[in-house]
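Here are the chains, one letter per residue:
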Amino acid sequence: MGVTRTLNVDDVLKRQTSGELKRRLRGRDLIGFGVGIIIGTGIFTLAGVEAKSHAGPAVTLSFVIGAVVAGLAALCYAELASSVPTAGSAYTYAFATLGEIFAWIIGWDLLLEFALGAAVVSRGWSGYLANLLGLPQSLFGEDATVNIGAVLIIALLTAVAVAGIKQSALFTNALVLVKVAVCVLILVVGVFFIKGANLTPFLPDAQPPASGAGTLHQPVVQAALGLQQSVFGIAGMVTAAAIVFFAYTGFEALANLGEETRNPSKDLRVGILGALGICAILYIGVSLVLTGMVHYTDIDEGAPLADAFNQVGQRWVGALISVGAVTGLTSVMMVELVTIGRIGFAMGRDGLLPKKIGEAHPKWGTPHRMTIGGAVLIALLAAFIPISELSDMVSIGALSAMIIVALAVPVLRRKRPDLKRPFRVPLSPALPIVAALACLYLMLNLDVLTWIRFAVWLLLGLAIYFCYGRKHSRLATEEKVTPKATGEAPPT
């Protein structure tokens, strides 16, 4: 009853036949989408930033830790996505297992993750384009009063996202080919410039932060235990893992495409696990090459990979990396816009957001209102607000969603043991519980200020839920109508 009411899984499965969203995607399209959203800021920026500020060459291990945690969560996503393919992904899984209020919280978190992520990436894209083409920093740089470049790219990609899912897939796959080719080039050329001295010590000794940052910028786990704030060492490596987890966020976006996939029981797990595996290999290899080419103290935080090749006299590679960064960040924004539309589609269909948001365009078959509305918000953020300090919130939003997904696996198995599961997480419930705890531990390694901002976002979301969503929910309407019409007990 009330905030704990849950969706009926059979009703969720029936939605697949509604035809509102068009089934046009295959497994290879999903892998393209996955690589498109995962490879971006993490490989072109975060690897260098975290090597210099937190982990040194051990940032490679930070990416390994992030890959392991993301892999555990991906197994849980793969089971739920193949069993209950839906446009809502983690939001719908929570709704069918833990209850309406948990579903709202996760949907709200995912909107935060993808909207803020797209805004961050659009500003980065604008800066890379300015460097590549010599455009004026007053319009395209981070210090611009109005970042015109960020607004223009969001507007262009929104038009593609609204035009149709197949068009979005073709556009994204073309960008992915360029991006992966650049990553391979980095590995093939960069390996010849690795110096053992740059990798020593591989795990620098722990030391106080150079900036003397206060408690608000201290990881929660350090603050809670009363430990002295430090960077590098084991603690720095784990903190870097929590931050570079941002680089792996996005594979969960594939679970939102269940109603647009031709064979979701097979293609969804292939797309999720395949995309994550490809990206993890590239991340680990590129971070090792970067820290082997240039000593971590000399890494440029603005364009670490391009600058690394410039430092070893290979400027032609640096120029190609800039091209790869522009295309890579474009594909990230493309998939994030598509994902925001599908999350809003699911929440509108359930009545937690205004019902009009949950309608697909009759011709294009895409949730055009939510996509455009989300794009307007992203463009406003990207145009006026330097949000580099908020990038950690993308990680905390994704990790919180992954905890709910991991817990949903054993809950759904207990509630619906008869449900057909084309893919099953091994060692359940032990492995899903380990996945949830691992995500929580990474969250605790994000700083106090990030948690405060996250709490404010959650409180705002809860206010909207109790003022609007709880009353207008489709299940709330059924609770009012069903007893009078049939005399049966309301659904729970």
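Residues numbered from 1 in each chain as written. Predicted model: local features only at pLDDT ≥ 70, side-chain atom pairs only at ≥ 80, totals over all residues. Heavy atoms only, no water.

Chemist: Give me the overall build of the protein chain: which residues, what numbers.
Modeler: Within the protein chain one finds 19 helices and zero strands. Here the protein chain holds 492 residues, and the buried ones make up 60% of them. Taken as a whole, the protein chain presents about 18,400 Å² of accessible surface, with 68% of it coming from carbon and sulfur. (Helix = DSSP H or I, 4+ residues; strand = E, 2+ residues; numbered from the N terminus. Buried < 20%, exposed > 50% of the residue type's maximum accessible area, 1.4 Å probe, protein only. Areas by Shrake-Rupley, 256 points an atom, 1.4 Å probe, with all protein chains shown as cover.)

Chemist: Account for the packing of helix α5 (residues 90-97) against helix α16 (residues 392-415), with residues named and values stated.
Modeler: It is at 9 Å that the axes of α5 and α16 come closest, and there the two elements cross at 40 degrees. It follows from the interaxial angle that α5 and α16 lie oblique. The interaxial crossing formed by α5 with α16 has left-handed handedness. For the pair formed by α5 and α16, the contact residues are Ala90, Tyr93, Ala94, Ala96 and Thr97 on the first element and Ile404, Val405, Ala408, Val411, Leu412 and Lys415 on the second. The class makeup of the residues in the contact of α5 with α16 is nine nonpolar, one polar and one charged. (Axes fitted to C-alpha atoms, helices over the stretch in contact; angles between N-to-C directions. Parallel < 35°, antiparallel > 145°, perpendicular 65-115°, else oblique. Left-handed = near helix turned anticlockwise from the far one by under 90°. Contact = heavy atoms within 4.5 Å. Nonpolar A, V, L, I, M, F, W, Y, C, P; charged D, E, K, R; others polar.)

Chemist: How would you explain the pattern of salt bridges if you had to name every residue and give the values?
Modeler: This model, assessed by the stated rule, comprises five salt bridges. In this structure, the salt-bridge partner of Arg413 is Glu79, at a minimum N-O distance of 2.8 Å. Placement of Arg413 in helix α16 and of Glu79 in helix α4 (residues 59-83) is noted, with a sequence separation of 334 residues between them. When the shortest N-O distance is used, the salt bridge between Asp418 and Arg416 registers 2.9 Å. On the basis of relative accessible area, Asp418 is assigned to the exposed category, the value being 56%. Judged by its relative accessible area of 17%, Arg416 is buried. The network of salt bridges with common partners includes Glu79, Arg413 and Arg421. (Salt bridge = Lys/Arg side-chain N within 4 Å of Asp/Glu carboxyl O.)

Chemist: Got a sec to walk through the side chain of Thr450? Specific residues and values, please.
Modeler: Here Thr450 shows up in helix α18 (residues 448-472). Note on Thr450: relative accessible area 1%, which makes it buried. Sequence-distant contacts of Thr450, that is, excluding residues within four places in its chain, are made with Asp392, Met393 and Ile396.

Chemist: Talk me through the nonpolar core; I want residue IDs and the actual numbers.
Modeler: Tyr77, Phe251 and Ile321 are the most contacted members of the largest nonpolar core, which totals 151 residues. With 19 residues, the top contributor of residues to this core is helix α6 (residues 100-133). With sequence-adjacent residues up to four places away left out, Ile321 is seen in contact with Phe44, Val182, Ile186, Leu305, Ala306 and Phe309. (Core = buried A, V, L, I, M, F, W, Y, C linked by side-chain atoms within 4.5 Å.)

Chemist: Help me get a handle on the state of the cysteines, residues and values and all.
Modeler: Applying the stated criterion across every chain, the model contains zero disulfides. Cys279 forms no disulfide, and the closest cysteine sulfur to it belongs to Cys183, at a distance of 8.4 Å. With no disulfide of its own, Cys439 has Cys76 as its nearest cysteine by sulfur position, at a separation of 8.4 Å. (Disulfide = S-S within 2.5 Å.)

Chemist: Summarise α18; cite the residues concerned and give the values.
Modeler: Between the first and last C-alpha of α18 there are 35 Å, a value that for 25 residues agrees with the 36 Å anticipated at 1.5 Å per step. Bending of α18 peaks at approximately 50 degrees at the position of Tyr465. Within the span of α18, buried status applies to Val448, Leu449, Thr450, Phe454, Gly461, Tyr465 and Gly469. N-cap assignment for α18: the residue whose side-chain oxygen lies 3.3 Å from the backbone N of Leu449 is Asp447. (Expected span 1.5 Å × (residues − 1). Bend = angle between axes of the 7 residues up to and from the residue. Polar contact = N/O pair within 3.5 Å; in protein donor to acceptor, adjacent residues only side chain to side chain.)

Chemist: Let's hear about the packing of α4 against helix α17 (residues 430-444): which residues, and what values?
Modeler: At their nearest, the axes of α4 and α17 sit 9 Å apart, and the two run at 135 degrees to each other. Comparing the axis directions of α4 and α17 gives the class oblique. Note that α4 runs across α17; the crossing there is left-handed. Within the contact between the two elements, α4 uses Ile65, Val69, Leu72, Ala73, Leu75 and Cys76 and α17 uses Leu431, Pro432, Val434, Ala435, Ala438, Cys439 and Leu442. Of the residues belonging to the contact of α4 with α17, the class tally is 13 nonpolar, no polar and no charged.

Chemist: Describe in detail α5, supporting the description with residues and values.
Modeler: Residues that lie three or four places apart on an α-helix share one face, since the helix turns once every 3.6 residues. Counting buried residues in α5 gives eight out of eight residues, a clear majority hidden from the surface. Every buried residue of α5 is accounted for by Ala90, Tyr91, Thr92, Tyr93, Ala94, Phe95, Ala96 and Thr97. Once α5 ends, the next one or two residues include Gly99, with phi positive near 125 degrees.

Read these as spatial facts, not as claims about activity.
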